[in-house]
Amino acid sequence: MTTTIIANRENSAADLLVAPSPDCGTFVQWASMSSNGWSPKLQYLNYEGIPQWGADGVHITTPNIATWSPGYALAVTDDGSVISMFRTADARHWVVKVNPDGSIPWGTDGMVLFNGEGGGRSELLAGKDGGFWALGTDMDNSFLQYVNADGTLRPMATLSDPTKKCTNGKLVPSGDNVFVVD
């Protein structure tokens, strides 16, 4: 048994997420204190456990994330890319795609989902075409949106019931469809 260091000299690393890659490797995400406040970092470990994206991985530079929120999600698409979704301190859901080679096709800032709404929990589910489903919730609504592999957004759906509150929506796969569970 050996220890693999995935980040060197990290300040206040927290909120670890892990997802398997299609080639038997592993994607790891953690929150790290940086000059712009808390922000995510990602690392890809190959099947031998060797870090592939430099000493400290890939740094996502989106504005300060909400460390107290359940707004973190990680998913691997069928093309081997990893999708990182997180809620920022200004109550918006951001998403960043990192390709297997460590390149970031939508930029290190990524993009905002749900027209800036849905400041609670984040949930992801990979599609079968390199895209993914994203779900964001706030106290009154759930927001569902599909993002194509190239980063284009499909129309958003807002699900709400004025008699119920929801902060923990969940995406559950079923065949070629996706179901939202509130």
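Just so we're clear, the structure is a prediction, and the values are computed from it rather than from any experiment. (Residues numbered from 1 in each chain as written. Predicted model: local features only at pLDDT ≥ 70, side-chain atom pairs only at ≥ 80, totals over all residues. Heavy atoms only, no water.)

## With respect to the overall build of the protein
So, point 1. Counting its secondary structure elements, the protein contains 0 helices and 14 strands.
So, point 2. Secondary structure elements of the protein, listed N to C terminal, follow the sequence β-β-β-β-β-β-β-β-β-β-β-β-β-β.
So, point 3. Put simply, of all contacts in the protein between residues at least 6 apart along the chain, 44% involve residues at least 24 apart.
So, point 4. When the accessible surface of the protein is summed, it comes to about 9,000 Å², and 53% of that surface belongs to carbon and sulfur atoms. (Helix = DSSP H or I, 4+ residues; strand = E, 2+ residues; numbered from the N terminus. Contact = heavy atoms within 4.5 Å. Areas by Shrake-Rupley, 256 points an atom, 1.4 Å probe, with all protein chains shown as cover.)

## Comments concerning the environment of glycine 130
So, point 1. Looking at the secondary structure, you find glycine 130 in the loop between β9 (122-126) and β10 (132-137).
So, point 2. Residues glycine 130 and aspartate 150, spaced 20 residues apart in sequence, show a C-alpha to C-alpha distance of 8.3 Å.
So, point 3. With residues near it in sequence (within four places) discarded, glycine 130 still touches Thr77, Asp78, Asp79, Lys97 and Ala149.

## Description of the sheet that holds strand β11 (residues 141-147)
So, point 1. Strand order across the open sheet formed by 4 strands is β9-β10-β11-β12, with antiparallel pairing between neighbours. If you trace the sheet from one side to the other, it starts and ends with β9 and β12 (157-160), each paired once. Recorded for the sheet is a direction-independent mean angle of 20° between the axes of neighbouring strands.
So, point 2. As defined by bridge partners, β10 adjoins β11 across 6 bridges and the pair is classed as antiparallel. Within β11, the residue paired with glycine 136 across the bridge is phenylalanine 143. (Pairing = 2+ DSSP bridges. Axes fitted to C-alpha atoms, helices over the stretch in contact; angles between N-to-C directions.)

## Considering unusual backbone geometry
So, point 1. One non-glycine residue, cysteine 24, lies in positive phi territory at about 75°.
So, point 2. Structurally, the position occupied by cysteine 24 is in the loop between β1 (14-20) and β2 (26-34).
So, point 3. Unusually for a residue other than glycine, asparagine 115 sits at a positive phi of about 55°.
So, point 4. Here asparagine 115 lies in the loop between β8 (111-112) and β9.

## Describing the pattern of salt bridges
So, point 1. Going through the model one piece at a time under the given rule, you end up with 1 salt bridge.
So, point 2. Aspartate 79 is the salt-bridge partner of lysine 97, the closest N and O atoms lying 3.5 Å from each other. With lysine 97 in strand β7 (residues 93-98) and aspartate 79 in the loop between β5 (72-76) and β6 (82-87), the pair connects residues that are 18 residues apart, well separated along the chain.
So, point 3. The class for lysine 97 is buried, based on a relative accessible area of 5%.
So, point 4. For aspartate 79, a relative accessible area of 39% translates into the label partly exposed. (Salt bridge = Lys/Arg side-chain N within 4 Å of Asp/Glu carboxyl O. Buried < 20%, exposed > 50% of the residue type's maximum accessible area, 1.4 Å probe, protein only.)

## So, the sheet that holds β7
So, point 1. Within the open sheet, the 4 strands sit side by side as β5-β6-β7-β8. Their pairing is antiparallel. A strand with exactly one partner marks an edge of an open sheet, and here the two such strands are β5 and β8.
So, point 2. Pairing of β5 with β6, which is carried by 5 bridges, proceeds in the antiparallel orientation. Each bridged residue has a counterpart across the sheet, and for alanine 73 the counterpart in β6 is methionine 85.

## A closer look at the packing of aromatic side chains
So, point 1. Scanning the model with the defined rule gives 6 aromatic pairs in all.
So, point 2. Between the aromatic rings of phenylalanine 27 and tryptophan 53, the centroid separation amounts to 5.8 Å while the plane-to-plane angle is 40°, which identifies the pairing as tilted. In this pair, phenylalanine 27 is assigned in strand β2 and tryptophan 53 in the loop between β3 (37-45) and β4 (58-59), connecting sequence segments 26 residues apart. For the pair shown, phenylalanine 27 and tryptophan 53 are each scored as buried.
So, point 3. Centroid distance tryptophan 106 to phenylalanine 132: 6.2 Å. Interplanar angle 35°. Geometry classified as tilted. Residue tryptophan 106 is found in the loop between β7 and β8, and its partner phenylalanine 132 is found in strand β10; the two are separated by 26 residues along the sequence. (Phe/Tyr/Trp six-rings, centres within 6.5 Å; stacked < 30°, edge-to-face > 60°.)

## Considering the side chain of serine 81
So, point 1. Residue position: serine 81 is located in the loop between β5 and β6.
So, point 2. Its relative accessible area of 1% is what places serine 81 among the buried residues.
So, point 3. Among the polar contacts made by the side chain of serine 81, one reaches the side chain of asparagine 99 at a distance of 3.0 Å. (Polar contact = N/O pair within 3.5 Å; in protein donor to acceptor, adjacent residues only side chain to side chain.)

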